[in-house]
Amino acid sequence: MHLRSITMKGFKSFPDRTRLEFGPGVAVIVGPNGSGKSNVTDAVLWALGEQSPLTVRGQTMQDVIFSGGAGLPSRGFAEVEIVIDNSEQGLQSEFSEIAIQRRLDRGGEGEYRLNGARCRLIDVAEVLSDSGLGKEMHSVVSQGRVEGIIHSKPADRRMLIEEAAGLGKHRKRRRRAELKLRRTEENLSRALDVEREARSRLRPLKRQAEAADLHARLERQSLEARFELAADLARDAGAARVKAENAARQARVGYARAEQGLAAVAVRRKAAEQAFAERSQARETLSRSLFAATTSIDRIDVRLERIHDAAATAARVEERCRTGVAAIEEAERAAGAVEPDAVGLAIDRLVEAEAAAADAVDAALVQLRSLAAHADADSALGGALGEVVRADGALDRSRAELKALQEALDAGAEDGGAARRAAGEAARRSELRVQQGEVFEALLTRARTLAVGVGAAERALAEALSAVSARREWLHGELGEREGGVEPGVELRQLANEEAELQSELKLAGEAVTQAEVLAQQARDGAGELEVELRRLAEKLGFEAEPAVEALDDEQREALRMRVERIARRREQLGPVNPLAREEYEREVARVEELAEQRSDLETALVELEQVIAEADRQIRRNFEETFAATARNFEEVIGELFPGGHGRLRLVKPDSPRAVIAGEEPETDEDDEHEAEPGVEVEVTPAGKSMRRLSLLSGGEKTLVALAFLFAVFLARPCPFYILDEVEAALDDRNIDRFLKLVRRCSERAQFIVVTHQKRTMDAADCLYGVSMGGDGVSKVVSRRLE
Ligand code: ATP
């Protein structure tokens, strides 16, 4: 493994691309002061990741960019690439050649590339680790560095050995672990605080959660008991509702029945009232008929008497007429005269009888018509009426005849007067007599006719009388019958009573209906309310809202009530509870568990980190001790070469104490500070013939030799792939340069050397020579020569 090339562009005094190629062995770069030789050294340091501008002799990192020369503008960026041969796989990469490139522009923007691929500085460090080319690189030894080794502290020298021992990565690992450990400890302490606080919150929350659980349990128990009671009550209420509804239905039926009864009584009462009215009217009619019949009978009796008188008169007229006729006939025979006054008297009597007969007939007629109007016409009454009508006709005829008779009589009387005045005129007398006889004959006929009429009227009246009497008898009987039997007024009164009773019954039935309806509604309401309550409870419990199938007995019911009360009391005793407490508690428990887990993770991490640190410490100690022992041996040997007859040694010292500790002895360690804990490296050299001196008292050349001895001792213990030594031998005299070059040559078999020098002797030792020059333009130029 060796450095193959350095390519610079825009870097310091190399504005244009400049490439220096190297092979194994010793390469020497020569040139006048300020020509840019050290810039090449800087380029290697810079490309390998140097972070301090001071190390590359600048104020800021941008100072490495070519700042312009005579007639040359400054460059916008600096770029350096070094190519390392890795054909022996000395670096951690599968590539046989590793090109590391660094670039920086004026804006401060920089980048690294490994074999052309962009990467981070850490990737570069990774590739270089274990090669001795890392951060605390001692393979590039600039002028000031040699002095630095002499004047540096034991701890810094230790670092050089550590770097050579490849402890950087262990240190880094340890530092990282240490940082992590601190952070983890802080986190753990915070986690413990948080966990403690969370745990302290847990206890009251747990109590609250338990109270909430108990409350919830009690609530459920209460709900269950109430549900059971409600189911029982709902069952009862359902039954009560059915019963009340039935009762209401029955009450309505009762009411309807009472209504029907009342309606029937009303119908009956109406009928009775009608019957009563009819009966009264019939009775009245009958009474009126009876009265009329009785009156008729009386009148008929009177008429009958009169007609009897008329009949007697008629009989007497007839008798007289017959006597008159006989007298006339006698007179005829005796030619005697007859008193004409006798005829007039008969006519007067006849007229009288006729008037009586006519009255009787009229009366009979009126009577009969009245009777006929009041009563049903019967055959006897009809017969009597016919007779009366006929008698009336006979009377009319009789009256007409009587009138004619009266006229004849009047004419006869005039004639009679003249005759009488002519007294004695026999002829005429006889005629008179004939005329008188005719009148008597007519009178006789008339009287007979009258007698017939009167007889007919008499019969008719008698018949009428009997008919009227019969009717009166019938009416009497009827009336008597009506008087008998049930008195309609009584029935009406009974019906009124019945109606009143039914009315009050109806009223009661109505009240019963109202009451039953109210009760049914109450039962419905009650059942409804209970159903709602049951549903509410069932919903809360996740039950079916069904009323109980079997009824509870009193004891069970009482027990349930007591239970509900007891639970209520217990809940009251519990006081207000936080219903979310369980949830909060569980959340908090989960949080505490999570915190505990995190804490446990941190503790585990802590243990692991402590192990990592302990392991790193062990590694560091072991590696360091090994390397230190080898370096110390080499140092004594190299000192022997560089200071013939003199001697020197390396020893471990406590960092802040000059007191040395013997290598290999367990150093006293302080866990808190690794640098304080670990001993530094002190250098002791006693040149030949001189007593032991402080290093600071050595000459410049001696110091350089001691520093080189230290560097070579380290190199021999753990060689780097290449070394760049920048004018390290400037202060040496020829004899010592030879000793130095001898050492370089010895080592060049194991490593590549690039030596920047002014020394002619050193140039002679080169395998390859580079010349660097700088013109008036401030630009470095490089020429190379390979020497055989
Ligand atoms: P010596 O032999 O005296 O040690 P040297 O050859 O090692 O000299 P360097 O130190 O490498 O010289 O180079 C210094 C030169 O580089 C100076 O002339 C300086 O002006 C030039 N230089 C340094 N940085 C820049 C820069 N950023 N831009 C241009 N030139 C620069």
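Analysis parameters
Residues numbered from 1 in each chain as written. Predicted model: local features only at pLDDT ≥ 70, side-chain atom pairs only at ≥ 80, totals over all residues. Heavy atoms only, no water. Helix = DSSP H or I, 4+ residues; strand = E, 2+ residues; numbered from the N terminus. Buried < 20%, exposed > 50% of the residue type's maximum accessible area, 1.4 Å probe, protein only. Areas by Shrake-Rupley, 256 points an atom, 1.4 Å probe, with all protein chains shown as cover. Contact = heavy atoms within 4.5 Å. Pairing = 2+ DSSP bridges. Axes fitted to C-alpha atoms, helices over the stretch in contact; angles between N-to-C directions. Salt bridge = Lys/Arg side-chain N within 4 Å of Asp/Glu carboxyl O. Parallel < 35°, antiparallel > 145°, perpendicular 65-115°, else oblique. Nonpolar A, V, L, I, M, F, W, Y, C, P; charged D, E, K, R; others polar. Patch = residues over 30% accessible without salt bridge, like charges linked within 9 Å, V, L, I, M, F, W, Y side chains within 5 Å. Lys, Arg positive; Asp, Glu negative; His and termini not counted. Charge placed at Lys NZ, Arg CZ, Asp CG, Glu CD. Near = heavy atom within 4 Å. Polar contact = N/O pair within 3.5 Å; in protein donor to acceptor, adjacent residues only side chain to side chain. pLDDT = per-residue confidence, 0-100. Phe/Tyr/Trp six-rings, centres within 6.5 Å; stacked < 30°, edge-to-face > 60°. Lys NZ or Arg CZ within 6 Å of the ring centre and 35° of its normal. Left-handed = near helix turned anticlockwise from the far one by under 90°.

Turning our attention to the overall build of the chain. Each helix and strand counted, the chain has 15 helices and 15 strands in total. Counting over 788 residues, the chain shows a buried share of 43%. Element-wise, carbon and sulfur atoms account for 50% of the exposed surface of the chain, whose accessible area totals about 41,600 Å².

Moving on to the side chain of H2. Mapped onto the elements, H2 comes out in the segment before β1 (3–9). Setting aside residues no more than four positions away along its own chain, H2 makes contact with F22, G23, P24, V83, I84, D85 and Q752.

With antiparallel pairing, six strands are arranged side by side in an open sheet as β2-β1-β4-β5-β6-β7. Edge positions in the sheet fall to β2 (18–21) and β7 (117–119), since each of these pairs with one other strand and no more. Strand-to-strand twist of the sheet, defined as the mean angle between neighbouring strand axes without regard to direction, takes the value 20 degrees. Pairing between β1 and strand β4 (residues 77–85): six bridges, direction antiparallel. Among the inter-strand pairings, L3 is bridged to a residue of β4, identified as I84. Contacts from helix α1 (residues 37–47) reach β1, β2, β4, β5 (97–105) and β6 (110–114), with the element oriented near 80 degrees to β4.

Looking now at the pattern of salt bridges. Summed over the entire model, instances satisfying the criterion amount to 55 salt bridges. A salt bridge links R582 to D213; the nearest nitrogen and oxygen atoms lie 2.2 Å apart. Taken as a pair, R582 in helix α11 (residues 581–642) and D213 in helix α5 (residues 168–334) lie far apart in primary sequence, 369 residues in all. Exposure remark for R582: the relative accessible area of 26% places this residue in the partly exposed category. The class of D213 is partly exposed, set by a relative accessible area of 23%. Linking D777 and K781 is a salt bridge whose minimum nitrogen-to-oxygen distance equals 3.7 Å. Exposure remark for D777: the relative accessible area of 23% places this residue in the partly exposed category.

The next subject is the packing of helix α3 (residues 143–151) against helix α13 (residues 700–717). Each pair of packed helices gets described by two things: the angle between the helix axes and the distance between those axes. α13 packs onto α3 with a crossing angle of 85 degrees between their chain directions and a minimal axis gap of 8 Å. Classed by the angle they form, the pair α3 and α13 counts as roughly perpendicular. Along its contact with α3, which presents V146, E147, I149, I150 and H151, the element α13 presents K703, T704, V706, A707, F710 and L711. Considering only residue class, the contact of α3 with α13 consists of seven nonpolar, two polar and two charged.

A grouping of D298, D301, E305 and D309 is seen on the molecular surface, where their side chains present a negatively charged patch. Tracing the backbone through its elements, the reader meets D309 in helix α5.

This brings us to the pairing of strand β3 (residues 26–30). Burial analysis of β3 places five of its five residues in the buried class, the great majority of the element. Side chains of β3 alternate between two faces, with V26, V28 and V30 and A27 and I29 buried alike. Pairing of β3 with strand β13 (residues 752–757) involves five bridges; the strand directions are parallel. Bridged to A27 within β13 is I754. One ladder, built from four bridges, connects β3 with strand β14 (residues 768–774); its direction is parallel. Each residue of the ladder has a partner; that of A27, found in β14, is C768.

Once that is clear, we can look at the side chain of Q101. Position of Q101 among the secondary structure elements: in strand β5. Taking the relative accessible area as the measure of exposure, Q101 reaches 17% and is therefore buried. Setting aside chain neighbours within four positions, we find Q101 in contact with E79, V80, E81, E111, Y112 and R113.

What surrounds the ligand is a group of 18 residues, the closest being N33, G34, K37, S38 and R57. Between an oxygen atom of the ligand and a side-chain N or O atom of N33, the distance comes to 2.7 Å. Taking S35, its main chain carries an N or O atom lying 3.1 Å from an oxygen atom of the ligand. Its free accessible area being 640 Å², the ligand has 74% of it covered by the protein chains. With three residues, α1 is the largest single contributor of residues to the shell around the ligand. Here the shell around the ligand is composed, by residue class, of three nonpolar, 10 polar and five charged.

Before going further, it helps to spend a moment on the confidence of the model for the chain. Here the chain averages 82 in pLDDT, while 81% of its residues score no lower than 70. In the model, residues 336–340 has pLDDT below 50 throughout and makes eight contacts with residues more than four positions away in sequence or in other chains. Under a pLDDT of 50 for its full length, residues 658–675 has, in the predicted model, 27 contacts with residues more than four places off or in other chains.

Time to look at the packing of aromatic side chains. According to the stated counting rule, one finds 11 aromatic pairs in the structure shown. Here the aromatic rings of F624 and F628 are separated by 5.7 Å at their centres, their planes lie at 20 degrees, and the arrangement is stacked. Highlighted residues: F624 and F628, both in helix α11, separated by four residues, approximately one helical turn. Measuring from centroid to centroid gives 4.8 Å for F715 and Y723, while their planes differ by 85 degrees, and the two rings are edge-to-face. Y723 carries the same exposure label as F715, and that label is buried. Through pairs of rings, three or more aromatic residues link up here, namely F712, F715, Y723, F740 and F753. Above the ring of F624, the side-chain terminus of R158 is found at 3.7 Å from the ring centroid.

Okay, the packing of α11 against α13 next. Where α11 meets α13, the closest approach of the two axes is 7 Å, and the angle between their N-to-C directions is 135 degrees. As summarised for this structure, α11 and α13 are arranged oblique, according to the angle between their axes. With respect to the hand of their crossing, α11 and α13 are arranged in right-handed fashion. Along its contact with α11, which presents T627, A630, T631, N634, F635, V638, I639 and L642, the element α13 presents L705, V706, L708, A709, F710, F712, A713, V714, L716 and A717. Of the residues that constitute the contact of α11 with α13, the class distribution is 15 nonpolar, three polar and no charged.

A cluster of basic side chains, namely K172, R175, R176, K180 and R183, defines a positive patch on the protein surface. Among the structural elements, R176 can be located in helix α5.

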